[in-house]
Amino acid sequence: MSQIKTGITQLRLTNFRSYGFLNLEPDNRFMPVILTGHNGAGKTNILEAVSFLTAGKGLRSARLSDVGKRSNPAALLNADVLQIPERWSVSAQVQTKDGLTKIGTGTIDGSERRQIRIDGKNTAKQSDLGRVFRCLWLTPAQDRLFCGDPQARRRFLDRLVQAFDSQHATRLSEYNTAFKQWSCLLREGRFDQRWLKGLEEQLVSNGVAIAASRIDVISRISHYLTHPLSSAFPVPEVILTGVVEQKLLVKSALKTEEEFADLLEKSRKIYADGGSVAGPHTADFKVIHAQKGLDAAFCSTGEQKALLLSVILAEMQTQTQEQGLCPVLLLDEIAAHLDSKRRNILFDILTELPAQIWMTGTDSSDFTHLTNRAQFFDVQDSNLNLQNVA
Ligand SMILES: Nc1ncnc2c1ncn2[C@@H]1O[C@H](COP(=O)(O)OP(=O)(O)OP(=O)(O)O)[C@@H](O)[C@H]1O
Ligand SMILES: [Mg+2]
């Protein structure tokens, strides 16, 4: 594994969620950062701020206009109370392969347009952030990922892909835009052949590339999936079930493109009549708990969480091995559903990884195994107090 440890040496939030201003300077040896405090204290907000330092919508998939600090939080619930969204920012100094780099993001007018700065220069591309800073996360909302909505699973999978394919996010966004236009034309009964054909060409070229990258990431991480860092973590067998992904596994890209183009054309009428069409936008994956031979959806909540952690750890190890850069990991409410033995084994594994790990919990005693090996911050009413220096 790489000897370079990655992480954040300074984090600044301005008008972000419950924080008016926060300046946090974690230890530059990149020990785990542990944030504990009561419900609503402001712990997850900090993890969300860190998650905005990479491409995407952050760990809550929030609208940018909801992130700005509301002076009247009741307005978040009450649509009748009009509030102008605040401009907000998150900036950080991060350790990269090339040394310390300053990155920042936010909105200038509280709108949905996100500004990005890297080393003092503005950039329009979120994918540029991925070159300097990467992070992965696990939140309580994902504890039942295997039983819930496939959209959340696709989002999880696509985040794993992004580190290996810098074009993936752009292709997804182009695919989704083309699909929206294709849907609108058909649902409005506008059978404009040339327009539909043009959109289908975009859907096919982007869609097959998206599916190929999803297959590729599963194959890249497969070695670490089958060789977990500890036997306390189950071996997940990942099976992609999307229609295009399934075709690509047994056919050439060219043949898959032809067949997907055919499928779209044949589905026009069905879609116009209110039916649906399968594609990378409906793709899904299944995880089997290999030792038990059981679909993850039937595993206990703690087992499901352990399976997800196995996938995340495999991704971190693969990124480190292939790119010399381990992503920062954000674990919200990590203690929930994990028994103390497995939790402590996880903590031992995490301290060995060459990246800073941020964790939250309501009870600091859940983290006693990390005493003197982590930085503990007590969070109270969006104020942070360092509890110890290891
Ligand atoms: N845009 C916003 N403006 C102001 N306050 C906000 C905004 N969004 C969320 N909050 C508030 O931030 C507070 C802290 O939220 P956060 O999710 O960080 O709490 P937490 O410490 O993780 O709590 P829990 O232990 O319950 O998960 C909440 O009380 C929430 O109402
Ligand atoms: Mg929280």
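Chains are numbered independently. Their residues run from 1 in the order of the written sequence. Working convention: letters from A go to chains and numbers from 1 go to ligands, in the order in which they are written. Under the rules for a predicted model, residues below a pLDDT of 70 receive no local features and side-chain atom pairs below 80 are neither given nor counted, while totals for whole chains, interfaces and linings still include all residues.

### Structural notes on the overall build of the protein
Only runs of H or I of at least four residues qualify as helices and only runs of E of at least two qualify as strands under DSSP, and these elements are numbered from the N terminus. Along its length, the protein carries 11 helices and 15 strands. Radius of gyration: over C-alpha atoms. The globule rule applied is 2.2 Å multiplied by the number of residues raised to the 0.38 power. Relative to the 2.2 N^0.38 estimate, which gives 21 Å for 390 residues, the radius of gyration of the protein is 22 Å and therefore close to what a compact globule would have. For the C-alpha atoms alone, the extent of the protein along its principal axes is close to 65 × 55 × 40 Å. Counting other C-beta atoms within 10 Å of a residue's own tells you its class, since 20 or more makes it buried, 12 or fewer makes it exposed, and anything in between is partly exposed; those C-beta atoms are placed from the backbone. Across the 390 residues in the protein, those meeting the buried criterion constitute 40%. Contacts spanning at least 24 positions in sequence make up 70% of the contacts within the protein whose residues lie at least 6 apart. In this description, any two residues whose backbone-derived C-beta atoms lie within 7 Å of each other are considered to be in contact.

### Re the sheet that holds strand 15 (residues 383-386)
Sheet strands pair by backbone hydrogen bonding; their relative direction is either parallel or antiparallel. Pairing between strands is defined by DSSP: at least two bridges between the two strands are required. Spatial ordering of the open sheet is given by 8-12-13-3-14-15, a layout of 6 strands whose pairing is mixed. The open sheet terminates on both sides in strands that have one partner only, identified here as strand 8 (135-138) and strand 15. Looking at each pair of strands side by side, their axes are set apart by 20° on average, direction ignored. Sheet strands in contact with helix 1 (residues 43-51) are strand 3 (33-36), strand 8, strand 12 (328-331), strand 13 (357-361) and strand 14 (375-380), and its direction is about 155° off that of strand 13. Angles shown run from 0 to 180 degrees and are taken between the N-to-C directions of axes, each axis being a line fitted to C-alpha atoms and, for helices, limited to the stretch in contact.

### Considerations on the nonpolar core
Put simply, a nonpolar core is buried Ala, Val, Leu, Ile, Met, Phe, Trp, Tyr and Cys residues tied into one set by C-beta atoms within 7 Å. With 76 residues, the main nonpolar core has Val50, Leu53, Cys135, Leu329 and Leu330 as its most contacted residues. Here this core takes 8 residues from helix 10 (residues 301-323), the largest share from any one element. Domain start and end points were adopted from an automatic or database domain assignment. Two domains each donate at least three residues to this core, and these are domain 1 (1-134 + 325-390) and domain 2 (145-323). Apart from the residues within four sequence positions on either side, Val50 is in contact with Ile8, Leu11, Cys135, Val328, Leu330 and Trp358.

### So, the site of ligand 1
We call a residue near a molecule or strand if the C-beta atom, set from the backbone, is within 6 Å of it. Near ligand 1, the surroundings consist of 17 residues, among which Ser18, Asn39, Lys43, Thr44 and Asn45 are the closest. Of all the secondary-structure elements, those providing two or more residues to the shell around ligand 1 are helix 1 and helix 2 (64-67). Looking at the shell around ligand 1 element by element, the count peaks at 3 residues for helix 1. Here the nonpolar group is Ala, Val, Leu, Ile, Met, Phe, Trp, Tyr, Cys and Pro; Asp, Glu, Lys and Arg are the charged ones; every other residue, Gly included, is treated as polar. Of the residues belonging to the shell around ligand 1, the class tally is 3 nonpolar, 9 polar and 5 charged.

### Structural notes on unusual backbone geometry
With a phi angle near 50°, Glu333 is a residue other than glycine that sits in the positive phi range. Within the fold, Glu333 resides in the loop between strand 12 and helix 11 (340-352).

### So, the pairing of strand 10 (residues 285-289)
Within strand 10, 4 of the 5 residues are buried, leaving the element largely enclosed by the surrounding structure. Alignment of strand 9 (residues 236-240) against strand 10, held across 5 bridges, turns out to be antiparallel. Paired with Ile239 across the bridge in strand 10 is Lys286. Inspection of the sheet shows strand 10 paired to strand 11 (residues 294-295) by 2 bridges, in the antiparallel sense. Bridge pairing in strand 11 places Ile288 opposite Asp295.

### Focus: helix 7 (residues 193-226)
A helix is expected to span 1.5 Å multiplied by its residue count minus one. Compared with an ideal rise of 1.5 Å per residue, which puts 34 residues at 50 Å, helix 7 spans 48 Å between its outermost C-alpha atoms and is within 8% of the ideal. One axis fitted to the seven residues ending at a residue, another fitted to the seven starting there: the angle between these axes is the bend at that residue. The sharpest bend along helix 7 comes to roughly 35°, located at Arg220.

### Examining the sheet that holds strand 5 (residues 99-106)
Read from one edge of the open sheet, 6 strands run 2-1-4-5-6-7, paired in antiparallel fashion. Two strands in the sheet have a free side with no partner beyond their single neighbour: strand 2 (19-24) and strand 7 (121-123). Averaged over all pairs of adjacent strands, the angle between their axes in this sheet comes to 20°, without regard to strand direction. Sheet topology note: the strand 1 (residues 7-16)/strand 2 ladder contains 5 bridges and is antiparallel. Within strand 2, the residue paired with Thr14 across the bridge is Phe21.

### Here's the deal with the domain arrangement of the protein
Where interface size is given, it is often the accessible area lost as the parts come together that is meant. As assigned here, the protein comprises domain 1 (1-134 + 325-390) and domain 2 (145-323). Here the C-alpha centre of domain 2 lies 27 Å away from the C-alpha centre of domain 1. Contacts between the two partners involve 22 residues from domain 1, matched on the other side by 20 residues from domain 2. Secondary structure elements with two or more residues in the side of domain 1 that touches domain 2: helix 4 (127-132) and helix 11.

### A short note on the packing of helix 7 against helix 9 (residues 253-272)
In the contact formed by helix 7 and helix 9, the axes pass within 9 Å of each other and the chain directions differ by 135°. Taken as axis vectors, helix 7 and helix 9 run oblique relative to one another. Seen along the crossing, helix 7 lies across helix 9 with a hand that is right-handed. From helix 7, Leu196, Glu200, Leu203, Val204, Gly207, Val208 and Ala212 reach across to helix 9, where they touch Ala253, Thr256, Glu257, Phe260, Ala261, Leu264, Glu265 and Arg268. Throughout, the term roughly parallel applies to angles under 35 degrees, roughly antiparallel to angles over 145, roughly perpendicular to angles from 65 to 115, and oblique to all others. Each helix crossing is assigned a hand: it is left-handed if the near helix lies turned anticlockwise from the far helix by less than a right angle, otherwise right-handed if that turn is clockwise.

### Overview of the pairing of strand 8
Each regular strand displays side chains that alternate between the two surfaces of the sheet. Taking every second residue as pointing to the same face, both faces of strand 8 are buried, with Cys135 and Trp137 on one and Leu136 and Leu138 on the other. Relative to strand 12, strand 8 runs parallel, the two being bridged by 4 bridges. Bridging from a neighbouring strand, Trp137 pairs with Leu330 of strand 12.

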